[in-house]
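Notes for the structure review
Here are the chains, one letter per residue:
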Amino acid sequence: MRIAVIGGGIVGSLIARELTRYESAVLLFEKEADIGWGVTKANSAIVHGGLHETPGTERARLCVEGNRLYEELSRDLDVPFKRVGAYVVALSHKELPLLQELYEQGLRNGVPGLEMHDRGTILTREPNLNPNAVAGLWSPSVGITEPWSLAIAAVENGMENGLALHVAEEVTSIEVADGRVQGIVTGEGEYELDAVVNAAGLFADRVAEMAGLLEPVLLPCRGEYLLLDKKVGNFISSALFPTPNKLSKGILVVPTIDGGILLGPTAQDLNREEKEANETTRHGVQEAIEGARRLVPQLDLSFVVKTFAGLRPETTDKKFVIGRTSIIGFFQAAGIRSPGLTAAPSIARFLVRDVIVGDLNLTGKRSFTSTHHKIRKILDLPVEERDRLIEADSRYGRIICQCNHVTEGEIVRAIHRGARNLDGVKFRTCAGFGRCQGGSCTDKILLILARELEISPDEVTLRGGDSTILGGKVRT
Amino acid sequence: MREKVVDVLVVGGGAAGMAAAASAGAQTLLLECDAEVGGVLNQCIHTGFGLHRYREELTGPEFGHRLLGELERSRAEVISGCTVIDIEHHGPVVHAVGPEGRLRIRPKALVWATGAGERPFGSLMTPGPRPAGIFTAGLAQRFVNIHGFLPGKRALILGSGDIGLIMARRLHLEGMEVAAVVEVQPFPGGLTRNVVQCLEDYNIPLLLCHGITEVHGRDRLTGVTIAQVDKSRLPIAGSERHFAVDTLILSIGLIPENELILPFTPIDPVNRGPRVNSLMQTEVPWLFAAGNNVVIFDLVDTVAAVGEMAGASAALYARGELPQERLTRLVRGENVLHLVPSSLVAESPTVLYLRVSRPINAAMVHVGDVISRKQSVVRPSEMIEIHIPQDALRELVKKDEVHVKVTEG
Ligand SMILES: Cc1cc2nc3c(=O)[nH]c(=O)nc-3n(C[C@H](O)[C@H](O)[C@H](O)COP(=O)(O)OP(=O)(O)OC[C@H]3O[C@@H](n4cnc5c(N)ncnc54)[C@H](O)[C@@H]3O)c2cc1C
């Protein structure tokens, strides 16, 4: 069996990895220059508990189950995951009935550990919270992660189990004959296939169209964020939510894995064509600031190191579209909006184990390795291990990114594992992700990329395509 | 892992650190994270350095070379390519990592001289996508002067600090087109001589009271929109102008680098560096500081002088010879933004470094009621140095508190 997964986001990556548990040839196609650069790159990075979801829906089930799977998955794939817990905060007595509703909804969804906390408790635990807060719904199973790291680790683990990765290779058409998938065409060539899994994120409707399907229709909804550097210190300890509105979960204040704070997202509906409109706007950033300050009034914006936007792939009825289609061999995991990051492990498991395996008659492999070691930050290693690494390769002692203490050794390893440009190195190692945002290390990383890839420095790009960094040589 | 016990450890091998280590002398170790010492001097190949210290006009690397000579003669040890990653302030014990492995140092005194980093583009919260082609000025300078590559073809420069001005000239001379230098304040951020020599001499326009409102381009930058700003620096609707450029260079400020000492060292929130007395001793007795991590200085000559003071004081402290004295607090008064030091010590040669928050013609600088000095013009872009004579110092240190202010003359 030859199976292609289209889309190297969190969903496609985990599906591809899951498929490598079975006897089959699995190919993963990603149009961007690296894994996890679509919706997976720009979101709140929260592993939700599930109290926001309507009881009885597929989304609620997959979210709660996904949350449960994160513990083991993050351990197996060596990816950071912290159960920091979350508060949904009522800022006035008027909001208390809504909080109670969420509590009951959470209970019905099977969200573990929910508790109602009074003002005294929440302000003791979150002293920087708005002092007008009247109560908080505590959801201890809520966690934070690094979405792109999970996607990369899933793909790397998949590759250890035989997955063939095709990055910077866009699928442009799907061949269907007699109601059955025959293959695909990409910018690089044609592939004969038995099955295709559409996990193309925001573009999953275009991929469905390639197979002749008119559903789903995906509409982008922009969410803008501000990121505060870890210098801000322990200002909050859990994820803070307002009571939700009809459109979204509202503007949050969330700790990030590396100690910073994320403010956002806004929610702005865009036209179907605006799938690359991930620019920030004056209005959006302002709205994110105001929303965040309602929860945490004393936020110091001098710690902002970047603003960015993500696009939610929204279906009109807000449902995930997961499963087989009218075309034999064409499967979908589309319309994976929030809480898609949370649900991704359970989506992958459900789609592969409960649908694809049966339809394609796949048999399990004996030799699947489920654990993987990601590029560990060398300074997080125990000192003895660090000493051994440096002794074996002195590049592990040469710190390139002074903010996040990333060494040349880690950067070289990231390049050898597939980073092809500055963003590739940044998302795989955190080099250039700190308070100076690459101001002091971009040139060093660029030169290492050029050396390792055996290209000229002026051919190195920021993120593939035409995003070259340099303009040419200084005349001598 | 290697262990070292030293009298003085200097962290950072830029101008401040080199001068500090040179004046602290034997039994001193200097750690530099880059492959070579010199810091930003290495990338500043233009002239204008050393007029005060060496009475000569030198390039950055030449100035660095002189300091290196002084450093070598001092017999201080230098280890480069080695980054300090942690400081245990009880002890103190300093942990560093380099290609030779881990290094643990127990110094009697430490001079913190890590300089400053450039404020990143992201902190401006500029609307738009995030294309390639946006550089901080120092990064662009390294690409051009050290690595031999141009950042693009047509540039707009945001911020008229000295590095921005110097880069405008450099890029112009290397054949790039420099569309304009854009400055949000009503006056230039850099030295007047740089405005003249870097912009006016080459007809590069300087647009004051303008800010950036949007960047354009998905892969590579294709343009930048700027607008005039009002008094509260908000863009004025209708005043937008578009520049088709593929390069945006930012000279929007330097941020003192104090990450590792922050947890245990009192900081002056305006200077954004540690509070120091006139011996460059912080409020942690064994910790001294010098250079742009204390406050952003204008001239490397000043930085080297401050470094020397810090190094000499640290060496005295390590030998138990630095007198524990009563301190006189210096307090910011009218029109004083940056002020170093935060307190005065009796008997030592004392210089005050201050920066005003708004320009005045015919100004008077007051240090308590002891010193009043006329100054024909004061500008935020030009740091004021007040050398305090010994007799005046004796008067000043009798008080608990001395106010420093700059008034209309
Ligand atoms: C603002 C915002 C906040 C969110 N917050 C959270 C949260 O806190 N918690 C949570 O659980 N979820 C959250 N989500 C949802 C979550 O981010 C998504 O559900 C999840 O990332 C979707 O992953 P994906 O793999 O389906 O999509 P993507 O990551 O977009 O992956 C699809 C990939 O397919 C590629 N592709 C598309 N077309 C082609 C083609 N023709 N050929 C080859 N490759 C192609 C794309 O380049 C892309 O990399 C949030 C989403 C947004 C936008």
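Residues numbered from 1 in each chain as written. Chains lettered and ligands numbered in written order. Predicted model: local features only at pLDDT ≥ 70, side-chain atom pairs only at ≥ 80, totals over all residues. Heavy atoms only, no water.

On to the interface of chain A and chain B, then. Counting residues at the interface gives 54 residues for chain A, matched by 48 residues for chain B. A buried area of about 4,100 Å², summed over both sides, lies between chain A and chain B, and 55% of it is on carbon and sulfur atoms. Area buried by chain A at its contact with chain B is led by R282, D443 and V474 of chain A, which between them contribute 14% of it. Our count for the contact surface shared by chain A and chain B stands at six salt bridges. R435 of chain A serves as the salt-bridge partner of E259 of chain B, at 3.7 Å between the closest nitrogen and oxygen. (Contact = heavy atoms within 4.5 Å. Buried area = accessible area lost by both parts, 1.4 Å probe. Salt bridge = Lys/Arg side-chain N within 4 Å of Asp/Glu carboxyl O.)

By a widely used convention, the size of an interface equals the accessible area lost when the partners come together. Residues and elements named next belong to chain A. You can read the domains of chain A as domain 1 (2-40 + 147-218 + 317-360), domain 2 (86-140 + 219-308) and domain 3 (378-459). Placing a centre on the C-alpha atoms of domain 2 and another on those of domain 3 gives a separation of 33 Å. With five residues of domain 2 at the interface, the matching set in domain 3 holds seven residues. The junction of domain 2 with domain 3 conceals about 530 Å² of combined surface from both sides, 48% of it contributed by carbon and sulfur atoms. Taken as a group, K230, V305 and K306 account for 58% of the area that domain 2 buries against domain 3, more than any other trio of residues on that side. If you look at where domain 2 meets domain 3, you find zero salt bridges. At the boundary of domain 2 and domain 3, one finds two residue pairs in polar contact (both at pLDDT 80 or more). Looking at side-chain class alone, the side of domain 2 that touches domain 3 contains one nonpolar, no polar and four charged residues. (Domains from an automatic or database assignment. Polar contact = N/O pair within 3.5 Å; in protein donor to acceptor, adjacent residues only side chain to side chain. Nonpolar A, V, L, I, M, F, W, Y, C, P; charged D, E, K, R; others polar.)

We now examine the domain arrangement of chain B. All names here are of chain B. In terms of domains, chain B is made up of domain 1 (1-118 + 254-322), domain 2 (120-252) and domain 3 (327-409). For domain 1 versus domain 3, the distance between C-alpha centres works out to 25 Å. Taken together, both faces of the contact between domain 1 and domain 3 bury some 1,500 Å²; the carbon and sulfur share is 56%. Three residues, V270, S278 and D298, lead the burial of domain 1 against domain 3; their summed loss comes to 32% of the area buried on that side. The interface formed by domain 1 and domain 3 holds two salt bridges in total.

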